[in-house]
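What follows is the residue order along each chain.
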Amino acid sequence: MSISLEEVRHVAKLARLELSEQEMVALRSELNALLGLFSEIESLDFDAIEGQSHAVSLQNVWADDIPEEPLDRTAALQNSALARAGLFVVPTIIED
Amino acid sequence: MPVDRTAAALVRDVQSGQLTPSEVVRAYAERVARLGDRLGAFLWFDAEEALAEARSVEERLAAGECLPLAGLPVAVKDNISTRGIPTTCASRILEGYVPPFDATVVERLRSAGAIVFGKTNLDEFAMGGSNETSAFGPVRNPWDLERSPGGSSGGSAAAVAARLAPAALGSDTGGSIRMPAALCGIVGFKPTYGRCSRYGLVAFGSSLDQIGPMTRTVEDAALLAEAITGHDPKDGTSVACGPIRPDLSQGTLRGKRLAYPTELAGEALHPAVARSFEQALERLRAEGAELGEVSLPSIRLAVSTYYILAPAEASSNLARFDGVRFGPRIEGSGHVEAVARTRGRLFGHEVKTRIVVGTYVLSAGYYEAYYAKAQQARTVMRREFLDVLARCDAIVSPAAPVTAFRLGEMSADPVALKMLDLCTIPANMGGFCALSIPCGLADGLPVGLQLLGAPMQDEALLETAHAAERVLPPVGDPPLN
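Keep in mind the model is a prediction, meaning the values are calculated, not measured. (Residues numbered from 1 in each chain as written. Chains lettered and ligands numbered in written order. Predicted model: local features only at pLDDT ≥ 70, side-chain atom pairs only at ≥ 80, totals over all residues. Heavy atoms only, no water.)

Novice: Mind showing me how you'd approach the overall build of chain A here?
Specialist: When you go through chain A residue by residue, the secondary structure sums to 3 helices and 2 strands. A compact globule built from 96 residues should have a C-alpha radius of gyration of about 12 Å, whereas chain A, at 22 Å, is more than 25% larger. Considered along the principal axes of its C-alpha atoms, chain A spans approximately 55 × 40 × 25 Å. Across the 96 residues of chain A, 27% fall into the buried class. Excluding contacts between residues fewer than 6 apart, the proportion of contacts in chain A whose partners are at least 24 apart in sequence is 31%. Within the structure as shown, chain A displays about 7,000 Å² of accessible surface, and the carbon and sulfur contribution to it stands at 51%. For chain A, the separation between the mean place of its 6 positive charges and that of its 18 negative charges on side chains is 14 Å. (Helix = DSSP H or I, 4+ residues; strand = E, 2+ residues; numbered from the N terminus. Rg over C-alpha atoms; globule rule 2.2 N^0.38 Å. Buried < 20%, exposed > 50% of the residue type's maximum accessible area, 1.4 Å probe, protein only. Contact = heavy atoms within 4.5 Å. Areas by Shrake-Rupley, 256 points an atom, 1.4 Å probe, with all protein chains shown as cover. Lys, Arg positive; Asp, Glu negative; His and termini not counted. Charge placed at Lys NZ, Arg CZ, Asp CG, Glu CD.)

Dropping the structure here:
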């Protein structure tokens, strides 16, 4: 199993990562090395073993519906490069 | 001298009035000023801040408050949120980010009278095993400045090993506390998954991450663990039980059944590590431990399983870094370009590689072949280990298959570096508790012994480790002036 440059381009787009051609080529070869590592898992048949997404059995943990002090708005905005009128300024979303 | 004392001894000295928190802080701050830059261990350090905290601890002591970590300087890995103190995860995408809140573990440290003593360097977003992927420079191993301290908690490990701080916090997703602890000759403890709150830890692999103490002795690790662990309502994966509270005086090796895996012995190890490990086992046997070899074939799948699951989780967790709510923003013509450009330019190479791997194995057409399979492999591994742990007190192995390697040595072969996580990954896969303790030197470099216990057996694990520590050869201090 090996990955093409087109597939790297596609995945980078999905992951919202703008990469240079050089980076994509380097990434492709590292990915292929890792896929070589994964080939053993790919070929195994675990029958009906249930996969688990967590090491431990966790059920939905609910918080009590009790109002508490939220994070202060100024504090919440203080790390944004652009904030205005108590809001985060988001880069323009353009319709294609 | 305060810098020669263990954390537990320092706390006792402060509680009894023999030392003041200010004296302790000054002693360590002087060492940081002298050696900090050489090691690259800290990303942020402010002696005046630390002294101000020391003075407020003195006031609390004078008012009669009982403080279990009175005046103890604790260095904190820079992926753990500290209110008012920059937290960068060693990444340019968080350059200038100052959290408006403390992680629960930091809150608990402060409430116990400890002093946040700088933020330590790490592999970017905790992704790495050598502390070479930090955007702000590598960390150097105090035992040999041309060598890596291991990763990703390399800064914390180097700081404690070089006595720049008596204790530190690290985080462990695939071995990031235990492996650098081994390479730097200190103790590194990863609690059972869920016993230590992850609230405020910048998430990498949410089902794998745990915060834990990095210290000079097991007693010190237990002291910190007791202060920071225990249920936290702010962490939905937090186990509903109290803090880890071992009784180290109960620790004994007599009659303890210790299993060592075939797959983590012999050829899997560098010869010097294999020798040290065998000698360590002999010492444990001489003290009455019953050693037995077991085969855990799932270990052979550990690295591939981890490098499918961890990047997958990371690709989701790191989606939040888009330059909008925190961190620098790079402009682009429109939302998608701005976000992609910010991430492309400000994330480092290893982080981008892992995000791409993670996105790939989760994408349509590949999910079944990789991610779903890896989840099954995880179940197989956990069951296999639980089966062995039902018949023994702990699984013992080296914490790393090598001693500290040269900086740059592993860059040519990224897969080889990942293979070094072989000994440590299973504990994260299964949520087990595990720690690394020094077991001697090999060619002048520290070797770490790992003990791994069943979930929720943290107390028993620490007690056994304390007994083992007493009979294993101490590594002493690195040859630093």
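The structure having been displayed, the exposition proceeds.
Novice: Please explain the interface of chain B and chain A as it appears in this structure.
Specialist: By convention, interface size is frequently given as the accessible area that disappears when the constituent parts associate. Contact with chain B, which involves 65 residues of that partner, is made by 50 residues of chain A. The contact between chain B and chain A buries some 5,100 Å² in all, and 68% of this surface belongs to carbon and sulfur atoms. Taken as a group, Arg329, Val356 and Tyr360 of chain B account for 12% of the area that chain B buries against chain A, more than any other trio of residues on that side. Taken together, the connections running from chain B to chain A amount to 2 salt bridges. For the salt bridge of Glu23 of chain A with Lys352 of chain B, the shortest nitrogen-to-oxygen distance reads 2.5 Å. Summed over the shared surface of chain B and chain A, the result is 13 residue pairs in polar contact (both at pLDDT 80 or more). Looking at the side of chain B that touches chain A, the elements with two or more residues in it are helix H9 (302–317), helix H10 (335–346), helix H11 (349–362), helix H12 (368–389), helix H13 (414–419) and helix H14 (425–430) of chain B. Looking at the side of chain B that touches chain A, the element that brings in the most residues is H12 of chain B, giving 12 residues. (Buried area = accessible area lost by both parts, 1.4 Å probe. Salt bridge = Lys/Arg side-chain N within 4 Å of Asp/Glu carboxyl O. Polar contact = N/O pair within 3.5 Å; in protein donor to acceptor, adjacent residues only side chain to side chain.)

Novice: How should I be thinking about the packing of aromatic side chains in this particular structure?
Specialist: The description of an aromatic ring pair uses the distance of the two centres, along with the angle that the planes make with each other. Counting across every chain of the model gives 16 aromatic pairs over all chains. Counting every residue linked through ring pairs, the aromatic cluster contains Tyr97, Phe125, Phe321, Phe326 and Phe347 of chain B. (Phe/Tyr/Trp six-rings, centres within 6.5 Å; stacked < 30°, edge-to-face > 60°.)

Novice: Looking at this model, I keep getting lost on the sheet that holds strand E3 (residues 115–120) of chain B. Mind explaining?
Specialist: Residue and element names in this part refer to chain B. Taken in spatial order, the 11 strands make up an open sheet running E1-E3-E2-E4-E6-E5-E10-E11-E9-E7-E8, and their pairing is mixed. The strands lining the two open edges of the sheet, one partner per strand, are strand E1 (42–44) and strand E8 (290–294). With direction set aside, neighbouring strand axes in the sheet form an average angle of 30°. As defined by bridge partners, strand E9 (residues 394–398) adjoins strand E11 (residues 445–453) across 4 bridges and the pair is classed as antiparallel. Bridge assignment links Val396 to a residue of E11, and that residue is Leu451. Its contacts with the sheet place helix H2 (residues 21–39) against E1, strand E2 (73–77) and E3, and it is angled at close to 15° to E3. Here helix H3 (residues 47–62) sits on the sheet and contacts E1 and E3; the angle it forms with E3, its principal contact strand, is near 155°. (Pairing = 2+ DSSP bridges. Axes fitted to C-alpha atoms, helices over the stretch in contact; angles between N-to-C directions.)

Novice: Help me understand H11 of chain B, please; the structure alone is not making it clear to me.
Specialist: Three- or four-residue spacings in an α-helix give side chains the same orientation, since the helix completes a turn every 3.6 residues. The terminal C-alpha atoms of H11 of chain B lie 20 Å apart, and with 14 residues this matches the ideal 20 Å at 1.5 Å per residue to within 8%. Where burial is concerned, most of H11 of chain B is hidden: 12 out of the 14 residues are buried. Considered for burial, the residues of H11 of chain B that qualify are Glu350, Val351, Lys352, Thr353, Arg354, Ile355, Val356, Val357, Gly358, Thr359, Tyr360 and Val361 of chain B. Where H11 of chain B is buried, its residues touch helix H1 (5–14) and helix H2 (21–43) of chain A together with H9, H10, H12 and H13 of chain B. (Expected span 1.5 Å × (residues − 1).)

Novice: Honestly, the pattern of salt bridges in this entry has me stumped. Any pointers?
Specialist: Pairing is possible between side chains that carry opposite charge, provided their charged atoms lie close to one another. Counted according to the given criterion, the structure contains 29 salt bridges over all chains. Of the charged contacts in the structure, one is a salt bridge between Arg9 of chain A and Glu21 of chain A, with a shortest N-O distance of 2.6 Å. Taken together, the positions of Arg9 of chain A in helix H1 and Glu21 of chain A in helix H2 put the pair 12 residues apart, joining distant regions of the chain. For Glu21 of chain A, a relative accessible area of 44% gives the class partly exposed. A salt bridge links Asp477 of chain B to Arg163 of chain B; the shortest N-O distance between them is 2.7 Å.

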